[in-house]
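Residue strings, one per chain:
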Amino acid sequence: MSQSEIMLETRALVREFKNPHGDTFRAVDGVDLDIPKGSILGLVGESGCGKSTLSRMVMQLLPPTSGEILLQGENLTALPAREVRRHRLDFQMVFQDPYASLNPRMTVFSTLAEALRQRHPRMRGDSMARSVSELMERVGLAARLMHKYPHEFSGGQRQRIAIARALAPEPKLIIADEPVSALDVSIQSQILNLLAGLQRDLGLTMLFISHDLSVVHYLADRISVMYRGRIVENGPAGEVFHHPCDEYTQRLLDAVPRIAH
Ligand SMILES: Nc1ncnc2c1ncn2[C@@H]1O[C@H](COP(=O)(O)OP(=O)(O)O)[C@@H](O)[C@H]1O
Ligand SMILES: [Mg+2]
């Protein structure tokens, strides 16, 4: 695959922390990933295995101890901080808890307008209202709800707002870290369907993180299985799910309740 077809690549990525005893340990221990443009990579592993630490490094929110992060072949780890900031908009995040990640004092309109202005600083008036409406409809929300506040929506609707906010700056990569883990099972499938539809229609590239292999299998093109900071298995989603090679992947499969689709 040519370099331009790979949106994101990590090479031998490492992040060390100190544990409460003052000993250094590797939360992320030499991770190689690549995410082709327009595809979804599912990253799965039990709680504490290093998924969020990996995603914070990819987001440029946490510096790696060593290793490299490449965006369309450009080595971000080698860039000065000022240049890295230029790429911040290229990465957008969707978190587990949409209520905590949305500002309770901002209407949907202000939240989405602020996100749109990051990429289009002069957008306002009719063109802003149109763009906000389009974004809301894209994520399955009626545009007439744009002047409402987060607490006026259900959990699933709030996650739709968070997804619209992530789409607004036209990012190159969306990182969704456990985006359905806090939702009721019936709502989980609706949000997964929405993300699948967005990938199909917009060609989104996504790193989708979950502790639940059945959720990851539903959405991802490829799956990487993480255990204690390392990738222990990696392959096409169907193969990893139906014919896991690694013993740990098999245990993950046994541990999770299957959700019905
Ligand atoms: N800022 C930090 N300082 C020290 N240890 C951390 C920090 N962030 C995460 N860790 C530790 O790194 C490990 C991986 O955490 P995390 O990446 O959040 O895992 P996951 O998202 O897979 O649940 C855990 O042992 C966690 O306690
Ligand atoms: Mg996490």
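Preceding this paragraph is the structure being described.
Residues numbered from 1 in each chain as written. Chains lettered and ligands numbered in written order. Predicted model: local features only at pLDDT ≥ 70, side-chain atom pairs only at ≥ 80, totals over all residues. Heavy atoms only, no water.

1. Section: the environment of Glu114
Inference 1: Along the chain, the position of Glu114 falls in helix 4 (residues 108-119).
Inference 2: Residue classification places Glu114 among the partly exposed residues on the basis of a relative accessible area of 48%. (Helix = DSSP H or I, 4+ residues; strand = E, 2+ residues; numbered from the N terminus. Buried < 20%, exposed > 50% of the residue type's maximum accessible area, 1.4 Å probe, protein only.)

2. Section: the nonpolar core
Inference 1: Ile163, Phe208 and Ile223 are the most contacted members of the largest nonpolar core, which has 52 residues in total.
Inference 2: For this core, the leading source of residues is helix 7 (residues 185-202), giving 6 residues.
Inference 3: Setting aside anything within four residues of it in sequence, one finds Ile163 in contact with Val94, Val139, Ile191, Leu194, Leu195 and Leu198. (Core = buried A, V, L, I, M, F, W, Y, C linked by side-chain atoms within 4.5 Å. Contact = heavy atoms within 4.5 Å.)

3. What to know about helix 4
Because the α-helix completes a turn every 3.6 residues, residues three or four places apart line up on one side.
Inference 1: For helix 4, built from 12 residues, the straight-helix expectation of 16 Å at 1.5 Å per residue is met to within 8% by its first-to-last C-alpha distance of 18 Å.
Inference 2: Taken as a whole, helix 4 has its buried residues at Val108, Thr111, Leu112, Ala113, Ala115 and Leu116.
Inference 3: Buried residues belonging to helix 4 abut helix 5 (125-138) and helix 6 (155-167). (Expected span 1.5 Å × (residues − 1).)

4. A closer look at the pattern of salt bridges
Inference 1: One pass over the structure, following the stated rule, counts 10 salt bridges.
Inference 2: A salt bridge links Arg11 to Glu68; the nearest nitrogen and oxygen atoms lie 3.3 Å apart. Note that Arg11 is positioned in strand 1 (residues 6-18) and Glu68 in strand 4 (residues 66-71), a separation of 57 residues in sequence.
Inference 3: On the accessibility criterion, Arg11 (34% relative accessible area) is partly exposed.
Inference 4: In this structure Glu68 comes out as partly exposed when scored by relative accessible area, which is 28%.
Inference 5: Two residues, Glu152 and Lys148, come together in a salt bridge whose shortest N-O distance is 3.8 Å.
Inference 6: Given the relative accessible area of 39%, Glu152 is considered partly exposed. (Salt bridge = Lys/Arg side-chain N within 4 Å of Asp/Glu carboxyl O.)

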